[in-house]
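Okay, here's what each chain looks like letter by letter:
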Amino acid sequence: MMSFGGIPGHRKSVVFPHKNFHGCFENLYYNGVDIIDLSKKRKPQTLVVGNVSYSCSHLQIVPVTFLSSSSYLALPGASGEDKVSVAFQFRTWNRAGLLLTSQLKHGSGALVLVLNDGKLKLSLSQPGHPSRDITAGAGLSDGQWHSVSLSLKGSHLSVMVDGEAASVAHSLRGRIDSGDTYYLGGCPDSVSGSGCGGPLGGFQGCLRLISVGDKAVDPITVQQGALGSFRDLQIDTCGLTDRCLPSYCEHGGECSQSWDTFSCDCAHTGYLGATCHSPLYEQSCEAHKHRGDSSGLYYIDSDGSGPLEPALVYCNMTDTTGTSVQHNGSHLARVKSSDGESPHPVAFKYTASMDQLQAIIDRADHCQQELAFYCKKSRLSARHDGTPVSWWVGRTNETHTYWGGSLPDAQKCACGLQGNCLDSQYYCNCDADRNECKAIGLNHLKWLIVSTCKIVSFKCFHLYLEETSDTIVLSHKEHLPVIQVVMRDTGRPHSEAAYALGPLLCWGDNSFWNSASFNTETSYLHFPTFRGEFSADVSFFFKTTAPSGVFVENLGITDFIRLELHAPSEVTFSFDVGNGRCEVTVRSPTPFNDNQWHHVRAERNVKEASLQVDQLPSETQAAPADGHARLQLNSQLFVGGTATRQRGFLGCIRSLRLNGLALDLEERATMTPGVEPGCPGHCSSYGHLCRNGGRCRERHRGIACDCTFSAYDGPFCENEISAYFGSGSSVIYNFQEHHNHTFGKNASSLAALFHEDLTLTGEMATLSFRTTGAPSLLLYVSSFYEEYLSVILAPNGSLQIRYKLDRNQAPDVFNFGFKNLADGQFHQVKIHREAAMVSVEVNQNARRQVILSSGTEFNAVKSLMLGTVLEPPGADPDTLRAGARGFTGCLSAVRFGPAAPLKAALRPGGPAPVTVRGHVAAAARCAEGAGPGAPAREATRPLAGGAGGSGPTDGGQPLVTADGRDSAVIGGNRAVNDPGPGVVVTVGRIQKASVGIRAVVPGVIAVVIFILLCITAIAIRIYQQRWLYHKNESNIPKHGDNAETALRSELNLQSTVSESQKEYFF
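The rules behind these values
Residues numbered from 1 in each chain as written. Predicted model: local features only at pLDDT ≥ 70, side-chain atom pairs only at ≥ 80, totals over all residues. Heavy atoms only, no water. Buried < 20%, exposed > 50% of the residue type's maximum accessible area, 1.4 Å probe, protein only. Helix = DSSP H or I, 4+ residues; strand = E, 2+ residues; numbered from the N terminus. Contact = heavy atoms within 4.5 Å. Salt bridge = Lys/Arg side-chain N within 4 Å of Asp/Glu carboxyl O. Polar contact = N/O pair within 3.5 Å; in protein donor to acceptor, adjacent residues only side chain to side chain. Pairing = 2+ DSSP bridges. Axes fitted to C-alpha atoms, helices over the stretch in contact; angles between N-to-C directions.

K.L.:
What is the right way to look at helix α4 (residues 354-363) in this model?
P.N.:
Within an α-helix, residues lying three or four positions from one another point in the same direction, as the helix has 3.6 residues per turn. Those residues of α4 lying buried are Gln356, Leu357, Ala359, Ile360, Ile361 and Arg363. If you follow the buried residues of α4, they end up packed against β22 (296-300), β23 (311-316), β24 (322-325), β27 (366-376), β36 (504-507) and β48 (651-658).

K.L.:
Sorry if this is basic, but what is going on with the pattern of salt bridges here?
P.N.:
In a structure, side chains of opposite charge can pair up when their charged atoms sit close to one another. Scanning the model with the defined rule gives 21 salt bridges in all. Linking Arg833 and Glu763 is a salt bridge whose minimum nitrogen-to-oxygen distance equals 2.6 Å. Residue Arg833 is located in strand β63 (residues 827-834), and its partner Glu763 is located in strand β58 (residues 762-771); the two are separated by 70 residues in the primary sequence. Overall, Arg833 belongs to the buried group, its relative accessible area being 0%. Of the residues examined, Glu763 reaches a relative accessible area of 7% and is grouped as buried. Notably, a salt bridge pairs Arg802 with Asp878, separated by 2.8 Å at the nearest N-O pair. Here Arg802 is found in strand β61 (residues 799-804), whereas its partner Asp878 is found in helix α9 (residues 877-885), with 76 residues between them in sequence. Owing to a relative accessible area of 4%, Arg802 belongs among the buried residues under this scheme. Looking at Asp878, the relative accessible area reads 32%, which means it is partly exposed.

K.L.:
What am I meant to see in the environment of Asp706 here?
P.N.:
Residue position: Asp706 is located in strand β52 (residues 702-706). Among all residues touching Asp706, those that are not within four sequence positions of it are Gly694, Arg695, Arg697 and Cys717. A polar contact of 3.0 Å, which involves the side chain of Asp706, links it to the side chain of Arg697. Polar side-chain contacts of Asp706 include one of 2.4 Å to the side chain of Thr708.

K.L.:
Help me understand the sheet that holds strand β7 (residues 110-116), please; the structure alone is not making it clear to me.
P.N.:
The sheet built from 7 strands is open, its strands ordered β9-β8-β7-β6-β13-β4-β16 with antiparallel pairing. At either end of the open sheet lies a strand with only one pairing partner, and these are β9 (132-136) and β16 (229-231). In this sheet, neighbouring strand axes are inclined to one another by 10° on average, regardless of whether the strands run parallel or antiparallel.

K.L.:
In this structure, what is going on with the sheet that holds strand β47 (residues 637-639)? I would like to understand it.
P.N.:
What the 6 strands build is an open sheet, ordered β38-β47-β40-β41-β42-β43; its pairing is antiparallel. Two strands bound the open sheet, and with one partner strand each, they are β38 (525-527) and β43 (582-587). Adjacent strand axes in the sheet meet at a mean angle of 15° when their direction is disregarded. Of the strand pairs in this sheet, strand β40 (residues 549-555) and β47 are connected by 2 bridges, and their pairing is antiparallel. The residue bridging Val552 from the neighbouring strand is Val639, located in β47.

What follows is the structure in structure tokens.
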């Protein structure tokens, strides 16, 4: 049913936000049928409700448009009357303006009606009395017609807005006489006071149905000069323009307008700019990484200014940047039929839409999703007749029956392709249809202990040990992500299955490094015409040594758009949309042709044009009011040159995007003479991201930071390597072994470093620490000739540095008068020696310089020691005392020249030239929890072995996260479902699974015996550590410092945590 003029209720209450139409319809047709004619003839297909007549009385309504803030309409009043009565209708987009003012007769006051913040305010001022104000209405600047009537008679003042009264009774004083003239919309220049010349300015909008003193005003009479006067009016039409229809605000921006312009509110849209066109977020995790951002949750906008909204993802800033998108089905899901019916499949809902996921996948170099299966008498691939019984559904709603590394449509698991399934008759382990649990696709199984014969509701008596099984990794990008998994072979007795799906994981960004090198001025790449009629943005990176050149150009008949390097220090954005040439230029204090990458982003919309280069201030130029807005282009888009083959660009352009769409420069360059795909030399622009001594290494797509000679690790060598030292512990780094292993293989120019015959004329040493113990030995470097460098904390906590560069002389002792550094806070020390000049920097700001007297050469460096050093030969008494006390606390970022002893101990990559004694445990960061009383938050990993053991003695990699959740069942942290009361499930990083019950019993007995032996050994070890700790404490003077007490408690707790980890990580 279709209705006109109202909605029929059918004798029921119908809630509708608007009243029925009151007025006249003419020429009402629907699909060519005359609706009015049908209703007049009372045709059966029509229904007429209410009072409807078939004639229209045309009321002559003449609107008046106030074109500017200086417009006004002056009308005569009924002079001498003891009342004021004015009515009219108005519409406007402006939130403020003067609507009416009149000076009352005989000095009895003034009447002013204004629109302020979308509300009407009527003010009556009388001599000797405070002004009386009435406020009425709200949201009246919405472009709709609103009726206003005001009346002043005797002692009463009333205002009506859209039929609703506001404050109708005000006590007035004295007689009120109507004024001679009423000014509507503004005032002549010769009139002042009574609202004229105020800060609000004149009214811009339309008035109609004006009446003064109960007499209607005919605007035509005013136009003919027979009534009143006016200025800058348009009579007999309402020239109000709706600038928000259509709205040029993009991405959900809210449009608001005034008489001559509009604006967009971009709050909560994820976009910026005059029309909410510019993306607020980076395009990918790769872009975040090369801004120097660390791993974490980020919004990314894969299509930039395109229609897709930003998506929340996890960025893993490793050597190859990873993007992880989660879904709502991360936990292990059990599949069990009930009453013989097949279980209902569950759809996975991701934190991003399918369009967003497709954009992320398309941009990635590689994507995958891990899928884990448990099965007991539940088959995956096919029944005996070949019909699939399990499958998964991809993003295009296509069903897939291949698993893991097998090819699409192969209907095989990876073990079927590799020929190593448990039963060679089948192509998947689950298809063996055994009455026992099998785990398929569980990556990196270390161990899995299941007590009371139960694992997540699976009644299987198993201890899973390392064994070959299927690895289910789905990596065909065009099929991902998985949106549904179906397992239907669970209806038989004792059949059950479960599965868990990991997040979507993608690596790389194939557009961020997509580049082309332009080798001649006449070479260019061409693409289809750029379509950006009302909004156009162009962004890219460039690097060059040329003084000028055109980056991008697209032409129309008269319109054009162009971006160019106009001069070595100037980038220019120019275009024409029919209003004449517009040009925006960014100038830099340093040249752009420095062979480093520079980022350019230009945008043109109906309101303005803007240009930004790197982090320089953006330049903006407003569009002409009511000018042409559509950019009409018809030629090809030229990149790196022009249609005339003049002023071509020499250099590299990469990551070119037009309105969020990435152009494949490399593909086009492979078939274009004078242009080569790719562009080398990224370290000159991004090498600064490699910090703390890391070295930038060139890659075809981007850079990598080599942290070999840094005391830090991570993608940008920013992650400090920290360790907690227990009482009596030490790390000894032998430079001679370092030389034999490293430099003997690499034949580096540093091959002679730290050799017995080497003479060091200078070195750089850095370390960071947190402790409350004093005296303490922070660093000790020895030589074969009893020369040494020692860095200690004196008994009062002050920093002392001792250089002995001549075995026949006493050491140079420098006591730097810094505050007590054994205060439980985090401190950094940097020592730089050049010959006899030693510079010391503490906490990056306190600097001292001293001159050595014992010598200028450090001969035959032997070893570097951290922690306890027992009777080093030739050392002075204070160093001996500090060495015997050792160090208790946290050390990090220790480096002496290219040697990083903590990295060698905690990140072994080969035969390590390091010896660990006592309790030394890896810590997250020394700087965390540095305040007094801070809890022991750092997750530690014990390295300590027996005294004298060479190399790190690892108690085993942690297999569970700190909260007991599985660390990587399917590519991410996944909680294990509660297996029920009395059940203990300890899950490590899962690798491979599944043995039959026949092979389990001997293994269980062996493991139980092994566990008992380990527990006994650990108990003995804990007792020894506590005895040694109390022995050392008895020889240390007690201090009343609260910070020291807090840190001791923290270290003890850390030690306990580490020892507890030994109980589990065997």
